[in-house]
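The lines below spell out each chain.
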Amino acid sequence: MIGILAVQGGVAEHERTLAKLGRQVRLVRRVEHLEGLEGIIFPGGESTTMSKLLTLGGLYEPLKEKLQQGLPAFGTCAGMILLANEVHDTRPDAVSFGALDISVRRNAFGRQIDSFEADLDFSGVDQPVHAVFIRAPWVERVGPNVEVLARAHTTDGEGNPSEAIVGVRQDNVIAISFHPEVTEDTAIHELFLNIVDHKAQR
Ligand code: GLN
């Protein structure tokens, strides 16, 4: 049973992808929905709104505890922001779970290029992944236990070409800046389900 955090954001798209992969899904809105989950997806949306709803609904602490106990998690976009232990350009009262030792900058690709698409090499996936970025964050720092899975071409403050980290993994937690759930490509969901299945067998 895979949970999808369903307080706000692009829940239906992940639900559709998991159904396509033949998985049972539970939408997670209340504490009791955490029971018996093998993994959880944090969708895209608006991280500050999700943060507020998680705290108000009493889901933040119990979910944080599950993540600390090793519940496998997969975050996309706002979901990546929620899983980070440091977030730049957010509201001062926004909470995140600290399941990944990374610093993330919200809306990092700039207002002019709010949304864009690119084909990325992704560690652990054979084919290039078609990535859709929508007001996406990037990762500015990774801790020693974090593996970088993907980078995207961008430009620095002076307009020179540079690369941004857009996919990471630490233990049973993966996070990406973009939205595979809006494409037909299920490769990264499959990667996550491998992590879930591998863990369940231990
Ligand atoms: N900009 C959003 C945030 O900061 C994330 C965008 C997305 O999830 N597509 O929460």
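Residues numbered from 1 in each chain as written. Predicted model: local features only at pLDDT ≥ 70, side-chain atom pairs only at ≥ 80, totals over all residues. Heavy atoms only, no water.

Let me state the cut-off plainly: UniProt positions are given in the numbering used here, feature names are shortened, and annotations may be inferred rather than shown by experiment.
Looking at an unreviewed UniProt entry, one finds the protein chain named Pyridoxal 5'-phosphate synthase subunit PdxT, with Corynebacterium felinum as its source organism. The annotation that UniProt attaches to the protein chain under Sequence similarities (unreviewed entry) is "Belongs to the glutaminase PdxT/SNO family." Database annotation for the protein chain, UniProt heading Subunit (unreviewed entry): "In the presence of PdxS, forms a dodecamer of heterodimers. Only shows activity in the heterodimer."

### Considerations on the site of the ligand
Under the convention used in this document: Any residue with at least one heavy atom within 4 Å of a molecule or strand is counted as near it. We call two N or O atoms a polar contact when they sit within 3.5 Å, provided that within protein one can donate a hydrogen and the other can accept it, with sequence-adjacent residues counted only if both atoms are side-chain atoms. Each accessible area value is a Shrake-Rupley result obtained with a 1.4 Å probe; residue values ignore everything except the protein chains displayed when judging cover. In this count, Pro and Cys sit with the nonpolar residues alongside Ala, Val, Leu, Ile, Met, Phe, Trp and Tyr, while Asp, Glu, Lys and Arg are called charged and the others, Gly among them, polar.
Every residue near the ligand is listed here: Gly44, Gly45, Glu46, Ser47, Cys77, Ala78, Ile81, Arg106, Asn107, Ile134, Arg135 and His179. In this structure, an oxygen atom belonging to the ligand sits 2.8 Å away from a main-chain N or O atom of Gly45. Here the ligand has 300 Å² of accessible area as a free molecule, and 95% of this is covered by the chains. Of the residues belonging to the shell around the ligand, the class tally is 4 nonpolar, 5 polar and 3 charged.

### A closer look at the pattern of salt bridges
Which entries qualify depends on this criterion: Criterion for a salt bridge: a side-chain nitrogen of Lys or Arg within 4 Å of a carboxyl oxygen of Asp or Glu. Under the DSSP-based scheme used, a helix requires at least four consecutive residues in state H or I and a strand at least two consecutive residues in state E, with every element numbered from the N terminus. Exposed residues in this analysis have more than 50% of their type's maximum accessible area, buried residues have under 20%, and partly exposed residues fall in between, with area computed by a 1.4 Å probe over protein chains only.
Tallied over the full model, the rule gives 10 salt bridges. Here Arg106 ties to Glu46 by a salt bridge, and the two come within 2.8 Å at their closest N and O atoms. One end of the pair, Arg106, is in the loop between β6 (100-105) and β7 (115-120); the other, Glu46, is in the loop between β3 (39-42) and α2 (47-56), with 60 residues separating them in the sequence. The exposure class of Arg106 is buried, given its relative accessible area of 12%. A salt bridge links Arg105 to Asp89; the nearest nitrogen and oxygen atoms lie 3.1 Å apart. With a gap of 16 residues between them, Arg105 in strand β6 and Asp89 in the loop between β5 (84-88) and β6 connect regions that are remote in the sequence. Since its relative accessible area comes to 24%, Arg105 is described here as partly exposed. Salt bridges sharing common partners tie together Arg16, Lys20 and Glu184.

### Quick notes on the UniProt feature "active site" (unreviewed entry) in the protein chain
Here is the rule we go by: We call two residues in contact when some of their heavy atoms are within 4.5 Å.
Sites flagged by UniProt as "active site" (unreviewed entry) map to Cys77, His179 and Glu181. In summary, the annotated positions, though distributed over 105 residues, converge in three dimensions, the widest C-alpha pair being only 11.1 Å. The residue Cys77 is located in the loop between β4 (73-76) and α4 (78-83) in this model. Among all residues touching Cys77, those that are not within four sequence positions of it are Gly44, Ile134, Arg135, Ala136, Pro137, Ile176, Ser177, Phe178 and His179. By the secondary structure assignment, Glu181 is in the loop between β12 (173-176) and α5 (187-201). Given a relative accessible area of 2%, Glu181 falls into the buried group. In this view, Glu181 contacts Glu13, His14, Arg16, Thr17, Thr76 and His189; residues no more than four positions away in its chain are not counted.

### Comments concerning unusual backbone geometry
Positive phi outside glycine occurs at Asp89, with the angle close to 65 degrees. You will see that Asn107, though not glycine, has its phi angle at about 45 degrees, which is positive. Within the secondary structure layout, Asn107 lies in the loop between β6 and β7. Look at Asn107 and you get partly exposed, because its relative accessible area is 30%.

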